[in-house]
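What the coordinates show
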Amino acid sequence: MLARAQRPVSFSGAGLSAESGVSTFRDAQTGMWAKYDPVALASPQGFAADPAMVLEWYAHRRRGIAQAEPNAGHNALAGMDWTHITQNVDDLLHRAGAKRVLQLHGSIKIDRCHHECGFEQDVELANPPPMGSCPACSAPLRPGVVWFGEQLPIDIWSEAEAACRECDVLVVVGTSAVVYPAAGLITIARESGAKVIIINTQPSDASALADIELFGTSGTVLPKLLAAKRSD
Ligand code: BJW
């Protein structure tokens, strides 16, 4: 199926970066939400209530991502000249060499103005900045990620939606597929005629949409699966 595909696209979630040591969100025991309250840390309400705590959590994650390396799954995907849609805010697909990466939930590598005046700046992941304010409008600066209740970046969303309407195979990797509107891309691709291949260590909310579901880690399954594509 993949060898015949003309316009394959990937759609990934936290499971893709798990083997690099970056925690997922919802895995029992190891997922971040097993230890932390998602609404307290990843919502505008949580940021308003305790900005220092939220920024400390992001500083901790930023330092972890700085130390992480792309794994075999990132490398296998990056070797494909596809559009790679990801919910991940880390930069591991970029560091693996992927050219077209659409980050639906933003990037942890930037800070931006919380009042959306348009100001944003790169941050050094290994040395995260302390709490700061926007030099343009004095509003608080915050990580350039999408929190619960916030809209996804409209241009990235439009590109991702178009890619899913036009693809003939969607390779879905390491996502629980519970967060919307991102998870809805799988339905969009399927309803537009694409075949759906899912790679996950366990069933997910997207299982019912799969034409093929491969159980295993992305770091082991992707290199084998995509070797077939590379040699076609
Ligand atoms: C492996 C593996 C290995 C492990 N190999 N696999 C419709 C229905 C219901 C609710 C909603 C809806 N529409 C909107 C909502 C509300 C909400 C939502 O979806 N809530 C649900 C949780 C119920 N959505 C929103 O709020 C979104 N905004 C929005 O809709 O705005 C509307 C609006 C309209 C008009 C005006 C204003 C607003 C925004 C969602 C933002 C999500 N943000 C987060 C945090 C990002 C920042 C940060 O990182 O700090 O994004 S939450 C978190 O979940 C993160 C992820 O990108 C996202 C998805 O998680 P993911 O990647 O799937 O990870 P996990 O942990 O869930 O799953 C990992 C998977 O990997 C598992 O399946 C494992 O088995 C697997 N795995 N190791 C392969 N080695």
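We now turn to the structure provided with this report. Here the structure is a predicted model, which means the values were calculated and not measured.

The 3 strands are arranged β5-β4-β6 in an open sheet whose pairing can be described as antiparallel. The open sheet has two free edges, formed respectively by β5 (120–122) and β6 (141–145), since each of these has just one partner strand. Across the sheet, the mean angle from the axis of one strand to that of its neighbour is 40 degrees, orientation sign disregarded. Against the sheet, helix α4 (residues 51–67) contacts β4 (106–113) and β6, and its axis sits at roughly 140 degrees relative to β4.

Right, let's talk about the packing of aromatic side chains for a bit. Scanning the model with the defined rule gives 6 aromatic pairs in all. Centroid distance phenylalanine 25 to tryptophan 33: 5.2 Å. Interplanar angle 50 degrees. Geometry classified as tilted. With a relative accessible area of 25%, phenylalanine 25 lands in the partly exposed category. Ring geometry for phenylalanine 47 and tryptophan 147: centres 5.3 Å apart, planes at 45 degrees, overall tilted. Here phenylalanine 47 is found in helix α3 (residues 44–49), whereas its partner tryptophan 147 is found in the loop between β6 and α7 (154–166), with 100 residues between them in sequence. In this pair, the class of phenylalanine 47 matches that of tryptophan 147, namely buried.

With respect to the helices and strands, the residue histidine 84 is situated in strand β2 (residues 83–86). On the basis of relative accessibility, which here comes to 0%, the residue histidine 84 falls in the buried class.

Rules of the game
- Within each chain, residue numbers correspond to sequence positions counted from 1 in written order.
- Given that this is a predicted model, residues contribute local features only at a pLDDT of at least 70 and side-chain atom pairs are listed and counted only at 80 or more, while totals for whole chains, interfaces and linings are drawn from all residues.
- Where side-chain values are given, they derive from all heavy atoms of the structure, hydrogens and water being excluded.
- Pairs of strands are assigned from DSSP output, requiring at least two bridges between the strands.
- In this text, helices come from DSSP runs of H or I with a minimum length of four residues, and strands from runs of E with a minimum of two, each type numbered from the N-terminal end.
- Note on geometry: axes are C-alpha line fits, over the in-contact stretch for helices, and angles between N-to-C directions span 0 to 180 degrees.
- What makes two residues a contact is simply this: any of their non-hydrogen atoms within 4.5 Å.
- Put simply, two rings from Phe, Tyr or Trp (the six-membered ring, in Trp's case) pair if the centres are within 6.5 Å, and we call them stacked under 30 degrees between planes, edge-to-face over 60, tilted for the rest.
- Throughout, exposure labels follow a simple rule: accessible area from a 1.4 Å probe, protein chains only, divided by the maximum for the residue type, with under 20% read as buried, over 50% as exposed, and the rest as partly exposed.

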